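Working through the structure, step by step
One-letter residues, chain by chain:
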Amino acid sequence: MPVTTGPVLTPLLALLMALAAIGLILAGVRVVSPLAPFSSMNSVYAWGIWKTFNVMTLTALGSGPLALGMAAWVFNRQKLHVVMRTALVSGFLFYATGLIALGFDVGRPWNFYSAAMPWRWNTSSAMLEISICMPLYCAVFLSFEILPLFLERLYYTGNEKARAFLRHVSPLIRKIYPFAIIGAYVIPLMHQSSLGGLLLLAGDKIHPLWQSPVMPWLYLVAAALCGFAFTIFLLLIVCLRYARRLDGDVLAELANLLSGMCFLFLAIQAIDLIWRGQIHAAFAFDKMSLLFLLETSLILTPAVALRFRRVRQTPRALLNMSALACLGGMLYRFIPTSIAYAPMRSTSYFPSVPELVMAVGYISLGIVAFVFAINYFAVLPGEASTWDHAFRPFGWKHPTATQATAIEREA
(Lines give C-alpha, C1' and ligand atoms only; values in the text may rest on other atoms or scores of the structure.)
Protein backbone atom coordinates (compact mmCIF):
# COMPACT_ATOMS: atom_id res chain seq x y z
CA MET A 1 0.00 0.00 0.00
CA PRO A 2 1.22 3.58 -0.62
CA VAL A 3 1.97 5.78 2.37
CA THR A 4 -0.74 8.43 2.19
CA THR A 5 -0.55 10.12 5.61
CA GLY A 6 1.24 13.41 6.16
CA PRO A 7 3.16 15.64 3.75
CA VAL A 8 5.67 14.06 1.41
CA LEU A 9 8.15 16.94 1.43
CA THR A 10 9.60 17.25 4.93
CA PRO A 11 12.62 19.31 6.10
CA LEU A 12 14.74 16.14 6.25
CA LEU A 13 13.73 15.13 2.73
CA ALA A 14 14.50 18.66 1.49
CA LEU A 15 17.97 18.39 3.03
CA LEU A 16 18.56 15.03 1.34
CA MET A 17 17.40 16.48 -1.97
CA ALA A 18 19.89 19.34 -1.57
CA LEU A 19 22.72 16.89 -0.80
CA ALA A 20 21.77 14.79 -3.82
CA ALA A 21 21.75 17.89 -6.04
CA ILE A 22 25.17 19.01 -4.79
CA GLY A 23 26.61 15.55 -5.33
CA LEU A 24 25.24 15.29 -8.87
CA ILE A 25 26.44 18.79 -9.78
CA LEU A 26 29.94 17.94 -8.54
CA ALA A 27 29.84 14.66 -10.48
CA GLY A 28 28.79 16.51 -13.63
CA VAL A 29 31.61 19.02 -13.26
CA ARG A 30 34.02 16.18 -12.58
CA VAL A 31 33.19 14.56 -15.97
CA VAL A 32 34.28 17.65 -17.93
CA SER A 33 37.19 18.58 -15.65
CA PRO A 34 40.59 17.03 -14.83
CA LEU A 35 40.50 14.22 -12.27
CA ALA A 36 43.08 15.63 -9.82
CA PRO A 37 40.91 18.35 -8.16
CA PHE A 38 38.10 15.86 -7.50
CA SER A 39 39.91 12.75 -6.30
CA SER A 40 42.88 11.49 -4.29
CA MET A 41 43.29 8.51 -6.58
CA ASN A 42 46.72 7.77 -8.04
CA SER A 43 48.39 5.17 -10.23
CA VAL A 44 48.68 2.78 -7.25
CA TYR A 45 45.17 3.30 -5.79
CA ALA A 46 43.25 3.55 -9.04
CA TRP A 47 39.86 2.41 -7.70
CA GLY A 48 39.03 5.16 -5.22
CA ILE A 49 35.91 5.30 -3.11
CA TRP A 50 33.58 5.03 -6.12
CA LYS A 51 34.32 1.38 -6.79
CA THR A 52 35.28 0.27 -3.29
CA PHE A 53 32.19 1.76 -1.61
CA ASN A 54 29.58 2.43 -4.29
CA VAL A 55 30.11 -0.80 -6.24
CA MET A 56 31.65 -3.30 -3.82
CA THR A 57 29.80 -2.25 -0.65
CA LEU A 58 26.45 -0.67 -1.55
CA THR A 59 25.53 -3.42 -4.02
CA ALA A 60 25.68 -5.81 -1.06
CA LEU A 61 22.92 -3.80 0.66
CA GLY A 62 21.02 -3.91 -2.64
CA SER A 63 21.04 -7.72 -2.68
CA GLY A 64 17.67 -7.99 -0.94
CA PRO A 65 15.87 -9.01 -4.18
CA LEU A 66 18.36 -11.85 -4.68
CA ALA A 67 18.28 -13.10 -1.06
CA LEU A 68 14.52 -12.78 -0.48
CA GLY A 69 13.64 -13.87 -4.00
CA MET A 70 15.56 -17.13 -3.79
CA ALA A 71 14.16 -17.79 -0.31
CA ALA A 72 10.59 -17.13 -1.47
CA TRP A 73 10.61 -18.71 -4.94
CA VAL A 74 13.32 -21.39 -4.76
CA PHE A 75 13.04 -22.47 -1.11
CA ASN A 76 9.28 -21.84 -0.86
CA ARG A 77 9.33 -19.38 2.05
CA GLN A 78 5.87 -18.11 1.16
CA LYS A 79 5.69 -15.51 3.94
CA LEU A 80 8.34 -13.40 2.26
CA HIS A 81 6.26 -12.61 -0.82
CA VAL A 82 4.49 -9.78 1.03
CA VAL A 83 7.76 -7.85 1.51
CA MET A 84 9.33 -8.64 -1.86
CA ARG A 85 8.38 -5.26 -3.31
CA THR A 86 10.17 -3.39 -0.55
CA ALA A 87 13.31 -5.42 -1.25
CA LEU A 88 12.93 -5.01 -5.03
CA VAL A 89 12.57 -1.23 -4.95
CA SER A 90 15.44 -0.71 -2.49
CA GLY A 91 17.65 -3.10 -4.49
CA PHE A 92 16.83 -1.36 -7.76
CA LEU A 93 17.70 2.05 -6.30
CA PHE A 94 21.00 0.82 -4.86
CA TYR A 95 22.02 -0.64 -8.20
CA ALA A 96 20.79 2.37 -10.18
CA THR A 97 22.65 4.90 -8.04
CA GLY A 98 25.74 2.66 -8.06
CA LEU A 99 25.68 2.53 -11.85
CA ILE A 100 25.23 6.31 -12.05
CA ALA A 101 28.25 6.72 -9.79
CA LEU A 102 30.22 4.24 -11.88
CA GLY A 103 29.35 6.16 -15.03
CA PHE A 104 30.82 9.34 -13.58
CA ASP A 105 33.77 7.39 -12.17
CA VAL A 106 34.76 5.97 -15.54
CA GLY A 107 34.98 9.51 -16.87
CA ARG A 108 33.79 8.59 -20.35
CA PRO A 109 30.25 7.25 -19.83
CA TRP A 110 29.49 7.57 -23.55
CA ASN A 111 31.69 4.49 -24.07
CA PHE A 112 29.28 2.28 -22.09
CA TYR A 113 27.66 1.19 -25.33
CA SER A 114 30.73 -0.96 -26.00
CA ALA A 115 29.37 -3.50 -23.50
CA ALA A 116 26.58 -4.27 -25.99
CA MET A 117 29.06 -5.03 -28.81
CA PRO A 118 30.74 -8.43 -28.34
CA TRP A 119 33.33 -7.66 -31.02
CA ARG A 120 34.64 -4.84 -28.80
CA TRP A 121 34.89 -6.89 -25.60
CA ASN A 122 38.18 -7.27 -23.81
CA THR A 123 37.91 -10.95 -22.94
CA SER A 124 41.08 -10.74 -20.83
CA SER A 125 39.46 -8.27 -18.43
CA ALA A 126 38.09 -9.44 -15.09
CA MET A 127 35.68 -6.49 -15.19
CA LEU A 128 33.97 -7.67 -18.38
CA GLU A 129 31.39 -9.89 -16.68
CA ILE A 130 30.68 -7.29 -14.00
CA SER A 131 30.31 -4.44 -16.51
CA ILE A 132 27.78 -6.51 -18.47
CA CYS A 133 25.88 -8.22 -15.64
CA MET A 134 25.25 -5.21 -13.39
CA PRO A 135 23.59 -2.95 -16.02
CA LEU A 136 21.72 -5.95 -17.47
CA TYR A 137 20.40 -6.96 -14.04
CA CYS A 138 19.26 -3.45 -13.15
CA ALA A 139 17.93 -2.27 -16.51
CA VAL A 140 16.17 -5.48 -17.55
CA PHE A 141 15.43 -7.93 -14.75
CA LEU A 142 14.94 -5.65 -11.74
CA SER A 143 13.02 -3.19 -13.91
CA PHE A 144 10.70 -5.98 -15.06
CA GLU A 145 10.12 -7.15 -11.48
CA ILE A 146 9.05 -3.67 -10.32
CA LEU A 147 6.88 -3.14 -13.42
CA PRO A 148 3.66 -4.15 -11.53
CA LEU A 149 4.03 -1.05 -9.34
CA PHE A 150 3.53 1.20 -12.37
CA LEU A 151 0.86 -1.03 -13.89
CA GLU A 152 -1.21 -0.97 -10.71
CA ARG A 153 -1.12 2.80 -10.47
CA LEU A 154 -2.03 3.10 -14.12
CA TYR A 155 -4.88 0.61 -13.62
CA TYR A 156 -6.44 2.46 -10.69
CA THR A 157 -5.80 6.02 -11.86
CA GLY A 158 -6.09 5.59 -15.65
CA ASN A 159 -9.14 5.53 -17.86
CA GLU A 160 -11.03 2.52 -19.18
CA LYS A 161 -8.78 2.25 -22.26
CA ALA A 162 -5.74 1.92 -19.99
CA ARG A 163 -7.47 -0.79 -17.97
CA ALA A 164 -8.46 -2.67 -21.11
CA PHE A 165 -4.88 -2.49 -22.38
CA LEU A 166 -3.53 -3.86 -19.09
CA ARG A 167 -6.04 -6.72 -19.12
CA HIS A 168 -4.84 -7.51 -22.63
CA VAL A 169 -1.09 -7.51 -21.87
CA SER A 170 -1.24 -9.16 -18.45
CA PRO A 171 -1.21 -12.75 -19.85
CA LEU A 172 1.95 -11.91 -21.80
CA ILE A 173 3.60 -10.52 -18.67
CA ARG A 174 2.62 -13.70 -16.84
CA LYS A 175 4.31 -15.84 -19.51
CA ILE A 176 7.53 -13.79 -19.43
CA TYR A 177 7.77 -13.76 -15.63
CA PRO A 178 9.33 -17.25 -15.09
CA PHE A 179 12.16 -16.41 -17.51
CA ALA A 180 12.66 -13.02 -15.84
CA ILE A 181 12.92 -14.75 -12.45
CA ILE A 182 15.68 -17.04 -13.78
CA GLY A 183 17.70 -14.08 -15.04
CA ALA A 184 17.01 -12.10 -11.86
CA TYR A 185 18.80 -14.77 -9.82
CA VAL A 186 21.47 -16.09 -12.18
CA ILE A 187 22.83 -12.67 -13.18
CA PRO A 188 23.43 -11.34 -9.62
CA LEU A 189 24.88 -14.69 -8.54
CA MET A 190 27.42 -14.24 -11.32
CA HIS A 191 28.46 -10.66 -10.70
CA GLN A 192 28.40 -10.78 -6.89
CA SER A 193 30.84 -13.70 -6.92
CA SER A 194 32.87 -12.02 -9.67
CA LEU A 195 33.39 -8.97 -7.46
CA GLY A 196 35.17 -11.27 -5.02
CA GLY A 197 37.01 -13.03 -7.83
CA LEU A 198 38.25 -9.67 -9.08
CA LEU A 199 40.20 -9.20 -5.85
CA LEU A 200 42.10 -12.46 -6.41
CA LEU A 201 44.07 -10.55 -9.06
CA ALA A 202 45.56 -8.36 -6.32
CA GLY A 203 47.49 -11.33 -4.91
CA ASP A 204 49.60 -10.53 -1.84
CA LYS A 205 48.70 -6.84 -2.06
CA ILE A 206 45.67 -7.76 0.10
CA HIS A 207 46.28 -8.93 3.67
CA PRO A 208 46.12 -12.75 3.99
CA LEU A 209 43.22 -12.56 6.47
CA TRP A 210 41.02 -11.55 3.53
CA GLN A 211 42.89 -12.71 0.42
CA SER A 212 41.58 -16.22 -0.18
CA PRO A 213 40.59 -18.55 -3.04
CA VAL A 214 37.09 -18.74 -1.54
CA MET A 215 36.62 -14.96 -1.71
CA PRO A 216 34.03 -15.30 -4.53
CA TRP A 217 31.94 -17.54 -2.23
CA LEU A 218 32.37 -15.21 0.73
CA TYR A 219 31.43 -12.16 -1.34
CA LEU A 220 28.27 -13.92 -2.50
CA VAL A 221 27.26 -15.06 1.00
CA ALA A 222 28.03 -11.58 2.38
CA ALA A 223 25.69 -10.12 -0.25
CA ALA A 224 22.86 -12.43 0.85
CA LEU A 225 23.61 -11.63 4.49
CA CYS A 226 23.44 -7.89 3.84
CA GLY A 227 20.31 -8.33 1.72
CA PHE A 228 18.35 -9.98 4.54
CA ALA A 229 19.74 -7.59 7.18
CA PHE A 230 19.02 -4.40 5.27
CA THR A 231 15.48 -5.49 4.37
CA ILE A 232 14.73 -6.06 8.07
CA PHE A 233 16.34 -2.74 8.99
CA LEU A 234 14.44 -0.88 6.25
CA LEU A 235 11.05 -2.38 7.17
CA LEU A 236 11.50 -1.51 10.84
CA ILE A 237 12.62 2.07 10.12
CA VAL A 238 9.78 2.72 7.66
CA CYS A 239 7.15 1.24 9.95
CA LEU A 240 8.49 3.41 12.80
CA ARG A 241 8.54 6.54 10.64
CA TYR A 242 5.03 6.09 9.27
CA ALA A 243 3.47 4.44 12.35
CA ARG A 244 2.62 1.23 10.52
CA ARG A 245 1.94 -2.09 12.20
CA LEU A 246 4.70 -4.70 12.09
CA ASP A 247 4.20 -8.18 10.67
CA GLY A 248 5.93 -10.24 13.36
CA ASP A 249 5.79 -13.53 11.45
CA VAL A 250 7.54 -12.11 8.39
CA LEU A 251 10.18 -10.32 10.44
CA ALA A 252 10.85 -13.47 12.47
CA GLU A 253 11.24 -15.46 9.24
CA LEU A 254 13.71 -12.90 7.89
CA ALA A 255 15.61 -12.90 11.18
CA ASN A 256 15.86 -16.68 11.15
CA LEU A 257 17.27 -16.63 7.61
CA LEU A 258 19.67 -13.82 8.51
CA SER A 259 21.03 -15.85 11.43
CA GLY A 260 21.57 -18.84 9.15
CA MET A 261 23.43 -16.76 6.55
CA CYS A 262 25.66 -15.25 9.28
CA PHE A 263 26.60 -18.71 10.53
CA LEU A 264 27.24 -19.92 6.97
CA PHE A 265 29.54 -16.97 6.30
CA LEU A 266 31.48 -17.48 9.53
CA ALA A 267 31.79 -21.23 8.93
CA ILE A 268 33.23 -20.77 5.43
CA GLN A 269 35.61 -18.11 6.71
CA ALA A 270 36.81 -20.20 9.67
CA ILE A 271 37.39 -23.33 7.57
CA ASP A 272 39.27 -21.24 5.02
CA LEU A 273 41.57 -19.68 7.66
CA ILE A 274 42.36 -23.08 9.15
CA TRP A 275 42.96 -24.62 5.70
CA ARG A 276 45.34 -21.79 4.70
CA GLY A 277 47.11 -21.80 8.07
CA GLN A 278 46.19 -18.19 8.84
CA ILE A 279 44.23 -18.71 12.04
CA HIS A 280 47.15 -17.31 14.05
CA ALA A 281 46.96 -14.04 12.07
CA ALA A 282 43.40 -13.54 13.29
CA PHE A 283 44.63 -13.41 16.90
CA ALA A 284 47.86 -11.48 16.39
CA PHE A 285 46.09 -8.40 17.85
CA ASP A 286 47.74 -6.02 15.42
CA LYS A 287 45.83 -3.46 13.33
CA MET A 288 44.55 -5.94 10.75
CA SER A 289 43.74 -8.57 13.36
CA LEU A 290 41.63 -6.10 15.35
CA LEU A 291 39.77 -5.07 12.19
CA PHE A 292 39.14 -8.73 11.38
CA LEU A 293 37.89 -9.47 14.91
CA LEU A 294 35.62 -6.39 14.80
CA GLU A 295 34.14 -7.48 11.50
CA THR A 296 33.68 -11.05 12.76
CA SER A 297 32.07 -9.96 16.04
CA LEU A 298 29.60 -7.73 14.16
CA ILE A 299 28.43 -10.79 12.22
CA LEU A 300 28.68 -13.32 15.07
CA THR A 301 26.59 -11.27 17.51
CA PRO A 302 23.36 -11.27 15.41
CA ALA A 303 24.05 -14.87 14.32
CA VAL A 304 23.85 -16.05 17.94
CA ALA A 305 21.29 -13.54 19.25
CA LEU A 306 18.73 -14.22 16.50
CA ARG A 307 18.59 -17.92 17.41
CA PHE A 308 16.51 -16.86 20.43
CA ARG A 309 12.80 -16.39 19.75
CA ARG A 310 12.52 -13.51 22.20
CA VAL A 311 15.11 -11.51 20.24
CA ARG A 312 13.43 -12.28 16.91
CA GLN A 313 10.11 -11.05 18.29
CA THR A 314 11.43 -7.84 19.90
CA PRO A 315 11.51 -4.98 17.36
CA ARG A 316 14.23 -2.97 19.14
CA ALA A 317 16.53 -6.00 19.42
CA LEU A 318 15.78 -6.99 15.83
CA LEU A 319 16.65 -3.48 14.62
CA ASN A 320 19.95 -3.54 16.50
CA MET A 321 20.91 -7.01 15.27
CA SER A 322 20.09 -6.21 11.65
CA ALA A 323 22.15 -3.01 11.87
CA LEU A 324 25.13 -4.95 13.25
CA ALA A 325 24.84 -7.54 10.48
CA CYS A 326 24.72 -4.78 7.85
CA LEU A 327 27.84 -3.15 9.29
CA GLY A 328 29.69 -6.46 9.48
CA GLY A 329 28.84 -7.42 5.90
CA MET A 330 29.72 -3.95 4.60
CA LEU A 331 33.05 -4.02 6.44
CA TYR A 332 33.92 -7.37 4.88
CA ARG A 333 33.19 -5.99 1.41
CA PHE A 334 35.05 -2.71 2.05
CA ILE A 335 38.16 -3.66 4.06
CA PRO A 336 39.95 -5.85 1.47
CA THR A 337 39.45 -3.25 -1.25
CA SER A 338 40.69 -0.28 0.80
CA ILE A 339 42.11 -0.75 4.29
CA ALA A 340 43.70 -4.20 3.86
CA TYR A 341 44.82 -3.33 0.33
CA ALA A 342 48.46 -2.20 0.47
CA PRO A 343 50.20 -2.33 -2.92
CA MET A 344 53.08 -0.04 -1.88
CA ARG A 345 54.19 1.09 1.56
CA SER A 346 55.20 4.54 0.35
CA THR A 347 51.79 5.33 -1.15
CA SER A 348 48.43 5.75 0.57
CA TYR A 349 44.92 6.83 -0.32
CA PHE A 350 42.18 8.66 1.55
CA PRO A 351 39.13 10.03 -0.29
CA SER A 352 39.08 13.76 -0.95
CA VAL A 353 36.27 16.03 0.19
CA PRO A 354 34.62 16.10 -3.30
CA GLU A 355 34.72 12.30 -3.39
CA LEU A 356 32.99 12.08 0.00
CA VAL A 357 30.42 14.73 -0.97
CA MET A 358 29.60 12.87 -4.18
CA ALA A 359 29.25 9.56 -2.30
CA VAL A 360 26.87 11.21 0.20
CA GLY A 361 24.97 12.69 -2.75
CA TYR A 362 24.44 9.29 -4.38
CA ILE A 363 23.18 7.81 -1.10
CA SER A 364 20.85 10.79 -0.58
CA LEU A 365 19.53 10.37 -4.12
CA GLY A 366 18.61 6.75 -3.38
CA ILE A 367 16.84 7.67 -0.14
CA VAL A 368 14.86 10.47 -1.80
CA ALA A 369 13.78 8.16 -4.62
CA PHE A 370 12.68 5.50 -2.12
CA VAL A 371 10.61 8.00 -0.11
CA PHE A 372 8.78 9.15 -3.24
CA ALA A 373 8.29 5.53 -4.33
CA ILE A 374 6.60 4.45 -1.09
CA ASN A 375 4.39 7.54 -1.13
CA TYR A 376 3.07 7.16 -4.66
CA PHE A 377 3.29 3.41 -5.35
CA ALA A 378 2.27 0.24 -3.54
CA VAL A 379 5.74 -0.68 -2.27
CA LEU A 380 5.13 -1.41 1.42
CA PRO A 381 2.96 -4.34 2.51
CA GLY A 382 -0.51 -3.40 3.68
CA GLU A 383 -2.18 -4.60 6.84
CA ALA A 384 -2.15 -8.38 7.12
CA SER A 385 -5.97 -8.50 7.21
CA THR A 386 -6.44 -6.50 4.00
CA TRP A 387 -3.35 -7.46 1.95
CA ASP A 388 -4.25 -8.53 -1.57
CA HIS A 389 -2.93 -8.47 -5.11
CA ALA A 390 -4.25 -5.28 -6.67
CA PHE A 391 -3.24 -6.07 -10.25
CA ARG A 392 -4.23 -9.64 -11.11
CA PRO A 393 -2.45 -11.26 -14.09
CA PHE A 394 -5.23 -13.82 -14.53
CA GLY A 395 -7.97 -11.24 -14.69
CA TRP A 396 -9.52 -8.59 -12.52
CA LYS A 397 -12.61 -8.86 -10.39
CA HIS A 398 -14.69 -5.74 -10.08
CA PRO A 399 -14.30 -4.33 -6.55
CA THR A 400 -17.16 -4.04 -4.15
CA ALA A 401 -18.65 -0.64 -3.46
CA THR A 402 -16.56 -0.25 -0.29
CA GLN A 403 -13.39 -1.25 -2.12
CA ALA A 404 -14.15 1.08 -5.03
CA THR A 405 -14.62 3.99 -2.62
CA ALA A 406 -11.30 3.20 -0.94
CA ILE A 407 -9.55 2.97 -4.33
CA GLU A 408 -10.95 6.34 -5.44
CA ARG A 409 -9.96 7.97 -2.14
CA GLU A 410 -6.44 6.55 -2.41
CA ALA A 411 -6.09 7.66 -6.05
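Residues numbered from 1 in each chain as written. Predicted model: local features only at pLDDT ≥ 70, side-chain atom pairs only at ≥ 80, totals over all residues. Heavy atoms only, no water.

Notes on the packing of helix H4 (residues 64-74) against helix H9 (residues 215-241)
Counted only if it meets this: Between N-to-C directions, angles span 0 to 180 degrees; the directions come from axes that are lines fitted to C-alpha atoms, helices contributing only their stretch in contact. Note on conventions: DSSP H or I runs of at least 4 residues are helices, E runs of at least 2 residues are strands, and numbering of each starts at the N terminus. Roughly parallel covers angles under 35 degrees, roughly antiparallel covers those over 145, roughly perpendicular covers 65 to 115, and oblique covers all other angles. Two residues form a contact once any of their heavy atoms are found within 4.5 Å. The residue classification treats Ala, Val, Leu, Ile, Met, Phe, Trp, Tyr, Cys and Pro as nonpolar and Asp, Glu, Lys and Arg as charged. All others, Gly included, are polar.
The N-to-C vectors of H4 and H9 enclose an angle of 90°; their axes lie 7 Å apart at closest approach. In terms of orientation, H4 and H9 fall into the roughly perpendicular class. Taking contact as the criterion, the partners of Gly64, Leu66, Ala67, Leu68 and Ala71 in H4 are, on H9, Leu220, Ala224, Gly227, Phe228 and Thr231. Looking at the contact of H4 with H9 residue by residue, the class counts come to 7 nonpolar, 3 polar and no charged.

A closer look at the nonpolar core
Defined as follows: Take the buried residues of types Ala, Val, Leu, Ile, Met, Phe, Trp, Tyr and Cys, join any two whose side-chain atoms come within 4.5 Å, and each joined set is a nonpolar core. The classification of residues rests on relative accessible area computed with a 1.4 Å probe and restricted to protein chains. Under 20% of the type maximum is buried, over 50% is exposed, and intermediate values are partly exposed.
By size, the foremost hydrophobic cluster in this structure holds 106 residues, and its most contacted members are Trp210, Leu225, Phe228, Leu254, Leu258 and Phe265. Among the elements that line this core, the one with the most residues is H9, at 17 residues. Excluding anything up to four places from it in sequence, Phe265 contacts Leu218, Val221, Ala222, Leu225, Ile299 and Tyr332.

Considering the packing of aromatic side chains
Note the threshold: Here a Phe, Tyr or Trp ring, Trp counted by its six-membered ring, pairs with any other such ring whose centre lies within 6.5 Å, and the pair is stacked when the planes are under 30 degrees apart, edge-to-face when over 60, and tilted otherwise. Placement of a positive charge over a ring is assigned whenever Lys NZ or Arg CZ falls within 6 Å of the ring centre and within 35 degrees of the normal to the ring plane.
Counted according to the given criterion, the structure contains 12 aromatic pairs. Ring centres of Trp73 and Tyr177 lie 6.1 Å apart, and the angle between their planes is 55°; on these two criteria the pair is classed as tilted. Note that Trp73 is positioned in helix H4 and Tyr177 in helix H8 (residues 160-199), a separation of 104 residues in sequence. The ring of Phe377 is capped by Arg153, whose NZ or CZ atom sits 5.9 Å from the centre of that ring. The residue whose ring lies beneath Arg241 is Tyr242, and the NZ or CZ to ring-centre distance is 4.5 Å.

Let's talk about unusual backbone geometry
In the Ramachandran plot, Asn76 falls in the positive-phi region, its phi being about 60° despite a non-glycine side chain. As for its position among the elements, Asn76 is in the loop between H4 and helix H5 (84-106).

Regarding the pattern of salt bridges
To keep it simple, the criterion reads: Here, a salt bridge means any side-chain nitrogen of Lys or Arg that lies within 4 Å of a carboxyl oxygen of Asp or Glu.
Summed over the entire model, instances satisfying the criterion amount to 5 salt bridges. The partner of Glu160 in a salt bridge is Arg163, with the nearest N and O atoms 3.8 Å apart. Taken together, the residues span about one helical turn, with Glu160 and Arg163 both in helix H8 at a distance of 3 residues. The exposure class of Glu160 is partly exposed, given its relative accessible area of 48%. Each member of the salt-bridge network shares a partner with another, and the members are Glu160, Arg163 and Arg167.

Section: the packing of H8 against H9
The condition that has to hold: The sense of a crossing depends on the near helix, which, turned anticlockwise from the far helix by less than a right angle, makes the crossing left-handed and, turned clockwise, makes it right-handed.
Between H8 and H9, whose axes approach to 7 Å, the crossing angle comes to 130°. Viewed along their axes, H8 and H9 adopt a mutual orientation that is oblique. Seen along the crossing, H8 lies across H9 with a hand that is right-handed. Residue-level contacts link Leu189, Gln192, Ser193, Leu195, Gly196, Gly197 and Leu199 of H8 to Met215, Pro216, Tyr219, Leu220 and Ala223 of H9.

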